[in-house]
Amino acid sequence: MEYTTLGHTDIRVSRICAGCMSFGQPGTMHQWTLDEEQSTQMIHHALELGINFFDTANGYSKGTSEEYLGRALKKFVPRDQVVIASKVYFNPGRLSREAIQREIDGTLKRLGTDYLDLYIIHRFDYDTPIEETMEALDGLVRAGKVRAIGASAMYGYQFYNMQLAARDHGWAQFQTMENHYNLLYREDERELIPICRQMGVSLMPYSPLAAGHLTRPTWKSDSLRCRTDLAAKGKYDDAETNDMEIVKRVQKVADKHYASMAQVALAWLWAKGVASPIVGGTKKKNYDDAVGALDIRLEQEEVEYLEEPYLPHKIIGAIGANPPEGTMLLDVKK
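This text gives an overview of the structure that appears in the document. Counting restarts for each chain: residues are numbered from 1 in the order of the written sequence. The model is predicted, so local features are restricted to residues of pLDDT at least 70 and side-chain atom pairs to those at 80 or more, both for listing and for counting; the totals for chains, interfaces and linings are taken over all residues. Think of the side-chain values as coming from all heavy atoms in the structure, minus any hydrogens and water.

Re helix H1 (residues 36–48)
Logical step 1: Look at H1: 18 Å from first C-alpha to last across 13 residues, which is about the 18 Å you get at 1.5 Å a residue.
Logical step 2: Relative accessibility under 20% of the residue-type maximum defines a buried residue, over 50% an exposed one, and the middle range a partly exposed one, all with a 1.4 Å probe and only protein chains included. To qualify as a helix, a DSSP run of H or I must reach at least 4 residues; to qualify as a strand, a run of E must reach at least 2; elements of each kind are numbered from the N terminus. Within H1, burial applies to Ser 39, Thr 40, Met 42, Ile 43, His 45, Ala 46 and Leu 47.
Logical step 3: One side-chain oxygen at the N-terminal end of H1 lies 3.3 Å from the backbone nitrogen of Glu 37; it belongs to Asp 35.
Logical step 4: Positive phi appears at Gly 50, one or two residues downstream of H1, with a value of about 95 degrees. Expected span, for any helix, means 1.5 Å times one less than how many residues it has. Distance and chemistry together define a polar contact, namely a pair of N or O atoms within 3.5 Å, with one atom able to donate a hydrogen and the other to accept it when in protein, and with adjacent residues in sequence counting only for side-chain atoms on both sides.

Next comes the structure, spelled out in structure tokens:
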């Protein structure tokens, strides 16, 4: 395993982050999530591979993702040897001061820990002043409940304004960005990613394999997720025709390296300066495959070959307004 540090912190994380949306009571958010026994086995295997970075959220599977993760980690590893990230936004009050203070306590209780290594705002809140949000997050850092803060999918100007508000008031600034980024979705290369690089913010993108589309030569599969994940369909199906050209190139580069397509897709992210992509898994071989990707180094010509067919996509990730209260899944295909 390889490791890096997040932003301007001393928080040392594996170059692969285990995405915990895969864990949680099936049917409470997705049909394809793993129950507690299966989740525990996956978490144990991740630790065996040297993965020490786990990303969850307060709303994943109605809190059971946090519960499963917390109980599993307690079985296998001392608290100070893992980095736990969780998120806040898809909850009553969004990113208000009251909501943040309430939700962090719920997250800590479900995880069974007295601090979080990384607390991430899941989206931009259009109803709460950014100063209120940033001051509340700073208060968690000062109270010792959170070591560092991060942000997730939003527009570049929103992230920049929040960082400036924190800087101008002497509050904690974001150290990570969990954005939507992969070979099939590169819109953040225009604004958000350059801002992150300018500010020394580490990228830990979600959906690095585009919900499986970058792992196989066909658009569809017979997996439970492919058949039932309407959010993934909403994110990617509209661009299938163009994106299949990219998928074909991923397959060709993978064949050249005697590697899997998933490994090439992850190697591309590291070639683009990503710190730790969030890899979801429902089978142990998913983590094995991801770790094997660390051995692949793409040439610049290969990077350009993979990128060449890309065309602009509709925005998926950043939102233009707060969704109705109670919404957890965005971009669901009707």
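A word on helix H3 (residues 97–111)
Logical step 1: Here H3 spans 21 Å end to end across 15 residues, near enough to the 21 Å set by a 1.5 Å rise per residue.
Logical step 2: Taken together, the buried positions of H3 are Ala 99, Ile 100, Glu 103, Ile 104, Thr 107, Leu 108 and Leu 111. The buried residues of H3 occupy an angular sector of 155 degrees when the element is viewed end-on, so they sit on one face. Turned more than 90 degrees away from the buried face of H3, the exposed residues are Glu 98 and Lys 109.
Logical step 3: Among the structural elements, helix H2 (64–76), strand S5 (83–88), strand S6 (116–121), helix H4 (130–142) and strand S7 (146–152) are those in contact with the buried residues of H3.
Logical step 4: In the segment just after H3, Gly 112 is the residue with positive phi, at about 70 degrees. Within this analysis, the arc is defined by the directions that extend from the helix axis to the C-beta atoms. Residue contacts are defined here by distance: any two heavy atoms, one from each residue, within 4.5 Å place the two residues in contact.

Remarks on the environment of Glu 189
Logical step 1: Within the secondary structure, Glu 189 sits in the loop between strand S8 (174–178) and helix H6 (192–198).
Logical step 2: Residue class for Glu 189 comes out partly exposed when judged on its relative accessible area of 26%.
Logical step 3: Reaching out from Glu 189, the side chain makes a polar contact with the side chain of Tyr 181 at a distance of 2.6 Å.

A few points about the pairing of S8
Logical step 1: Burial of S8 is extensive: five of the five residues sit out of reach of the surface.
Logical step 2: When DSSP finds at least two bridges between two strands, those strands are taken to pair. Here S7 runs beside S8; their pairing, made up of four bridges, is parallel. Each residue of the ladder has a partner; that of Ser 152, found in S8, is Glu 178.
Logical step 3: As judged from the two bridges shared by S8 and strand S9 (residues 202–203), these two strands associate in the parallel manner. Each residue of the ladder has a partner; that of Thr 176, found in S9, is Ser 202.
Logical step 4: Looking down the strands as they point away from you, a crossover is right-handed if its path from the first strand over the helix to the second goes clockwise. Handedness of the crossover joining S8 and S9 through H6 is recorded here as right-handed.

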